[in-house]
Amino acid sequence: MSIWNYVVSAHKPTNVTHSCVGNFTNPQELNLIIAVRHRIFFLLQRNDTNSVSFNGILRHPSLLQGLNKNKYKAMGDVSDCIGRPTDNGQIGIIDPDCRLIGLHLYDGLFKVIPFDNKGQLKQAFNIRLEELQVLDIKFLHGCSKPTIVVLYQDNKDARHVKTYEVALKEKDFVVGPWSQNNLDDGADLLIPVPPPLCGVLIIGEETIVYCNANAFKAIPIRPSITKAYGRVDADGSRYLLGDNAGLLHLLVITHEKEKVAGLKIELLGETSIASTISYLDNAFVYIGSSYGDSQLIKLNLQPDAKGSFVEVLERYVNLGPINDFCVVDLERQGQGHVVTCSGANKDGSLCIVRNGIGINEQASVELQGINGMWSLRSSTDDPFDTFLVVSFTSGTRISAMNLKDVLEETEIEGFNSQVQTLFCHDAVSNQLVQVTSSSVRLVSSTSRELRHEWNAPSGYSVNVATANATQVLLATGVGHLVYLEIGDGKLTQVKHAQLEYDISCLDINPIGENSNYSQLAAVGMWTDISVRIFLLPDLNLITKEQLGGDIIPRSVLLCSFEGISYLMCALGDGHLLNFQLNLSNGELTDRKKVSLGTQPITLHTFSTKNTTYVFAASDRPTVIYSSNKKLLYGNVILKEVIHMCPFNPAAFPDSFAIAKEGELTIGSIDDTQKLHIRSIPLGEQARCICHQEQSWTFAICSVKNQSSTDESEMHFIRLLDDQTFEFISTYRLDTFEYGCSILSCSFSDDLNVYYCVGTAYVLPEENEPTRGRILVFVVEDGKLQLIAQKETMGAVYSLNAFNGKLLAAINQKIELYKWTLREDGTRELQFECGHRGHILALYVKTRGDFIVVGDLMKSISLLIYEHEEGAIEELARDHNANWMSAVEILDDDIYLGAENNFNLLTVRKNSEGATDEERGRLEVVGEYHLGEFVNRFCHGSLVMRLPDSDVGQIPTIIFGTVNGVIGVIASLPNEQYAFLEKLQSNLRKVIKGVGGLSHEQWRSFNNEKKTAEAKNFLDGDLIESFLDLSRGKMEDISKAMGVSVEELSKRVEELTRLH
Amino acid sequence: MWKEIRDREAGKIRPKSFSSRIKFNRISNLQLTNYKDIVSSHRGSINSLQVDLTEGRYLLSGASDASAAIYDIQRATNYEGNGLIAKHKSIVSVDKQHEKGHKYAISSAIWYPVDTGLFITGSYDHNIKVWDTNTTKVVMNFKMPGKVYRTAMSTLATSHMLIAAGTEDVQVRLCDIASGAFAHTLSGHRDGVMTVEWSTSSEWVLITGGCDGAIRFWDIRRAGCFLVLDQSQSQLGRRPPVLDHSAANKVSVSKPLSTGQSSLVKSRAPQKKYTNGHGIKQSTIGRMPAKGSARQRLHPGMLSIQDRATAHYGAVTGLKVTEDGMYLLSAGSDSRIKLWDLESGYNTLVNFEKARLQTSKAIQLAISQDSAHVFVPCMTVVKFTGSGTIHRRQ
């Protein structure tokens, strides 16, 4: 790999932190807005999502809660140069009467941004706040002057509530109308109650208090930590509360006008652990979660059998937090799948993330030499297909669904089954049409008898043909193009044209208004390598497009996606050209060329669920579809496909017949999407995972919470089958023993493959674990057998296989263990050598004799194992104080790290340094602000590695983050990097972030000590957004770059294939 | 620790609070390391220590034997005890033997804030010297009127290169490295100035502590000091009624004084123009007439009664502003440490453990990054106290 890296997120964050409901897009439409870290999504009530991606970090997500009163305001940067960022998180609030925005960003300061009468923001100022440990701030409703209520903790850890009026003119606080001292120790959340009550609810761990100037009502609750609330009624008399165990409660304030009579709380049921709750309407509630899947639930009036009022209607998969993941190739196809440990607590799950489109096989038969397939209906009005026509060089076989829904061979008497079929299609008036090399046969689909036949002129044979319900277009040798129309029982030759060259492919797929009749015919030509468009029925040439190069078009297709018509043209070398087609004048624009494989492609169109797709059958089958008026290419998880046709029998609707080498498969196709996530709920949190190829198993370390409030946890090592993901064996760890790391490895002089597990004894009185174990398991008969164990002097944070030995990171030390045979034939781990000098060696990766350590706070260091001396020594280190969260070795000299402030960095070993001093330093070569907390890096790729595509040569690393992002870091050659860097800087000028936040600033490496412009990293998300730009903007960029739009699109599209 | 790492991984605690919790715990459990040893080349007490601000790599020390030395604290010069104990010997050292070296004790040694190419020493021999680190040559020498107690440079400064110097003399002098001359003098203290400290929020604000027990705040663009801390003013947290408020504003650090406010003091009205005129004409600032000092001691708008206020009984020996720029810590020869709220200028009355402090020399205080701990040298030990009562975490 290289120092020039390209970072792109393959799976966007899914960890929902905030949400709110309002009428944004239209007064009549109810919108739900959710915030996922620094992105905001607008969800309309009909499920179409419209995402607005934020260029900068959204610093104050809770602003949203006030937004439904106000029109949306994009925020700029309000960071101050002084002040200490708050520990308890930044708070942003809007006055209910829209007089000002309040921000608590730094300890002891309250920033006020007033609105003027026109709703514009005025100059912001800071007010000193004496309360330093602020837990929550909210605006009170119904106050003549903007009034805040502050929940804070004092020096003695007692919690109080205070109110302040904001005096805008004086730019200061005035002591507010009331305060309340000594609340519940766990009070953590304030809920301002709207008029007429105008008080505040203080949610504690054991009590809930309603408070205002002249009322104080409290009720005890079952101990729980409330994480989120949602208001049900506009007058604020009912609230939904979600706690950290995922229980949903309803809190009711009983009141008579302004007088509060009391509080009532009722358990409704269980949901995902909520981080935000939005009451939509009519008992529908959106539960946004950071630890599990977000949900749309309905609150029923009557409880179900289990006493729950909650009915989960929909789940939105959330990968975050990705604690760990591994890249495996379960289907041995050369394409990586990512298996993540996602979620936390009871919402923990394993998610299998894979790229491409899956086929669910329903039936398959061995059949050699298929060269064509078509499905036919038994009558024109039948919505389902009955016949499947399979053509071979020596004949044609016809199968039909019988009454028992079994496909059995049959015959259509009118068809010529002795010769190869060139094309088949349903025709109007219950007819079928078959084209063979000598004739076109029109057959009744009911009586199955030949009704009419058109014979090719003698001396000529039909080479290629195509048809739709009313038309047939065929080409015979030396450039003869014949156009026939289908009548009731009659084929009429309407037109004949003589072209100068032979015809290689044809298409008359109707894409106009009439779904039975095409106005246009697309024709691909030999010799001059062109594609031509003819107007039917007169066969007038209206467009001729030279394809360039010397590869002939093998398949053309007229199709339309999302109202846009395209002409696709597949070449013999696996390239696909697509054009936008103007239906009225046949003009071709917006030419794009992509490489889909290496073998000739045949194109087929099909549609399921009212969406049109194009299937490109080749050595790398691809489904082409359109999203946001952009063509997307999804590779199908199948090897070589020769032919396919949609086959929609009543028994298996929306299926496909797929002809592979020697096999015919009938199956259905997954939803077309880039990444496919299959989630397997565990009911407990998996912390680390690894795969063992030899035993076809996964092993995970997991934690199960006994009950919601109890702190006690149980820790397990579990073995899972890698196909079914079922627990097949479990090893329970000791009390207080935590599983920290897991590895599948083998040792020198031993053929077995083992699972090694590193643990720590986490005792409540110890600040840092001082004892741990390394456990060595072998999988025998699907069971975990403990073979050996070794006590360690601390937590085993990381395990690596290293030169046939085991390298463990234990607290501040790196220790190497060898696997020795005892006299009695048993094996044990024996300490060989170690290295100290770290604060906590949390993350370790190895390559050859090199060891790269990511320290808790001392950045990256490089160690080497000296074979002769049997010792580990430090070679070099980065002296910056980076708090690492993951490391990876890119190549012999370059190492990648992620740190605590959401940055990425690369360092380089300086082996050519002149002095010891220079060689002893890792030079920082790349810096980038990712904005995501990376938990793990792993070498691997989400896409199929193709031997001779450009993309296949680019080495990639996958990373997983707390917010559920799966990202890809690709090392580019210098030339490509330089090109894309130029493109990025041009895109920055064109694509403006909401609120005018600068992209450059956002991507700058930034920690407590310094801010430095990003270097040697490119923002792939920005670069790939080039493809979403309007043509005009693309042209601006193309002009600035001096490169054609097509070339730019091609290069960017190539990059999108990385993930 | 392990639980915190796990919670960070699962997104249950923010990475920032993770690091601040661990920093807090580590600082609370500070112990002498057995694995790192800085071999002092000094033969006298060490008066001043500073790690450079650019790389965080070089430690500069100044000692009472008139020597100053630099140590590389990242890379050891050699190892002992099977490579376990890293020894750091000085890589640069200057002492009396140096032809231009100081004659008497070095009271203050500081790095040039921009890079490690220069360092500045102040000595009891009445000199402040600016050294070139690479050649160990004196590149500039400022002759002071008395013993130099403390020197300071602003880490924020982008538009000036001034060394503020506290000496036996009542005036604080600003030495300009750019020109090699005194830029100006700040008069107000009634006794020698033990300690000087630049604000961490404004490059123009200087804080000085004198043997007269006063802590004075100066805006170096304007004449006179604008705030004197008063130990008896301790009503922090009480929001003043709105009327009083405009008066209280006058002593706020963050707000430059507007001309309108000074008109409250009628007798000062004629001088208003004069002082403001100086403030605008920056170029003439270096040539401030000495005789003007008596009249300019009082800042326009400051009541003379405030000018008499003291922060400590006895001399102020150490000052340190917290990193967030919101508090000031002061140590005095009355063996007290006080914490001041910088915006209001109030004494916060935080009760620090009592410790006997050195009175004859300026002392150097250090504050942990999160402002939760302060390190105070108390005779033979370094005590560290939580200034904890201001920021405490679980």
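Because the structure is a prediction, the values reported are computed rather than measured.

Engineer: Go over the overall build of chain A with me, naming the residues and quoting the values.
Structural biologist: Across its full length, chain A carries 7 helices and 83 strands. Computed over C-alpha atoms, the radius of gyration of chain A comes to 33 Å, within 12% of the 31 Å expected from 2.2 N^0.38 for 1059 residues, which places it in the range of a compact globule. If one aligns the C-alpha atoms of chain A with their principal axes, the spans along those axes are about 105 × 85 × 65 Å. Taken over 1059 residues, chain A has a buried fraction of 59%. Contacts in chain A between residues at least 24 apart in sequence constitute 50% of all its contacts with a sequence separation of at least 6. Summed over all atoms, the accessible surface of chain A reaches about 41,600 Å², with 47% contributed by carbon and sulfur. Both charge centroids of chain A, one from 95 positive and one from 132 negative side chains, sit 5 Å from each other.

Engineer: Residues and numbers for helix α1 (residues 2-9) of chain B, please.
Structural biologist: Residues and elements named next belong to chain B. In terms of burial, α1 is largely enclosed, as 7 of its 8 residues are buried. Residues of α1 that are buried include every one of W2, E4, I5, R6, D7, R8 and E9, and no others. Just downstream of α1, G11 is the residue with a positive phi angle, here 75 degrees.

Engineer: So what's going on with the pairing of strand β17 (residues 215-220) of chain A? Residues and values would help.
Structural biologist: All names here are of chain A. Summarising the sheet, strand β16 (residues 207-212) and β17 pair through 6 bridges and their orientation is antiparallel. Of the residues in β17, the one forming a bridge with I208 is I219. Hairpin connection of β16 to β17: 2 residues between the antiparallel strands.

Engineer: Describe a negative patch on the surface, with residues and values.
Structural biologist: All names here are of chain A. A grouping of D157, D185, D188, E205 and E206 is seen on the molecular surface, where their side chains present a negatively charged patch. Among the secondary structure elements, D185 is positioned in the loop between β13 (172-180) and β14 (189-192). Under the relative-accessibility criterion, D185 is labelled exposed at 57%.

Engineer: Explain the domain arrangement of chain B to me, and be specific about the residues and the numbers.
Structural biologist: Residues and elements named next belong to chain B. Taken as a whole, chain B is organised into domain 1 (1-30) and domain 2 (144-234 + 303-393). Counting residues at the interface gives 6 residues for domain 1, matched by 8 residues for domain 2. Carbon and sulfur atoms make up 71% of the area that domain 1 and domain 2 hide from each other, which totals about 670 Å². Here domain 1 and domain 2 share 0 salt bridges between them. Residues of the side of domain 1 that touches domain 2, tallied by class, amount to 3 nonpolar, 2 polar and 1 charged.

Engineer: Summarise the UniProt feature "repeat: WD" (unreviewed entry) in chain B; cite the residues concerned and give the values.
Structural biologist: Residue and element names in this part refer to chain B. Per the UniProt record, the feature "repeat: WD" (unreviewed entry) sits at residues 39-81, 99-141, 186-221 and 309-350. Helix makes up 0% of residues 39-81 and strand makes up 49%, while its end C-alpha atoms are separated by 15 Å. As a span, residues 99-141 carries 0% helix and 53% strand, and end to end its C-alpha atoms are 13 Å apart.

Engineer: Residues and numbers for the side chain of D878(A), please.
Structural biologist: Residues and elements named next belong to chain A. Within the secondary structure layout, D878 lies in the loop between β73 (871-877) and β74 (884-889). Engagement of the side chain of D878 in a polar contact is seen with the side chain of S859, the distance being 2.5 Å. The residues contacting D878, other than those within four sequence positions of it, are K858, S859, I860, L905, V907, L922 and V924.

Parameters and conventions
- Residues numbered from 1 in each chain as written.
- Chains lettered and ligands numbered in written order.
- Predicted model: local features only at pLDDT ≥ 70, side-chain atom pairs only at ≥ 80, totals over all residues.
- Heavy atoms only, no water.
- Helix = DSSP H or I, 4+ residues; strand = E, 2+ residues; numbered from the N terminus.
- Rg over C-alpha atoms; globule rule 2.2 N^0.38 Å.
- Buried < 20%, exposed > 50% of the residue type's maximum accessible area, 1.4 Å probe, protein only.
- Contact = heavy atoms within 4.5 Å.
- Areas by Shrake-Rupley, 256 points an atom, 1.4 Å probe, with all protein chains shown as cover.
- Lys, Arg positive; Asp, Glu negative; His and termini not counted.
- Charge placed at Lys NZ, Arg CZ, Asp CG, Glu CD.
- Pairing = 2+ DSSP bridges.
- Patch = residues over 30% accessible without salt bridge, like charges linked within 9 Å, V, L, I, M, F, W, Y side chains within 5 Å.
- Salt bridge = Lys/Arg side-chain N within 4 Å of Asp/Glu carboxyl O.
- Domains from an automatic or database assignment.
- Buried area = accessible area lost by both parts, 1.4 Å probe.
- Nonpolar A, V, L, I, M, F, W, Y, C, P; charged D, E, K, R; others polar.
- UniProt positions renumbered as here; feature names shortened; annotations may be inferred.
- Polar contact = N/O pair within 3.5 Å; in protein donor to acceptor, adjacent residues only side chain to side chain.

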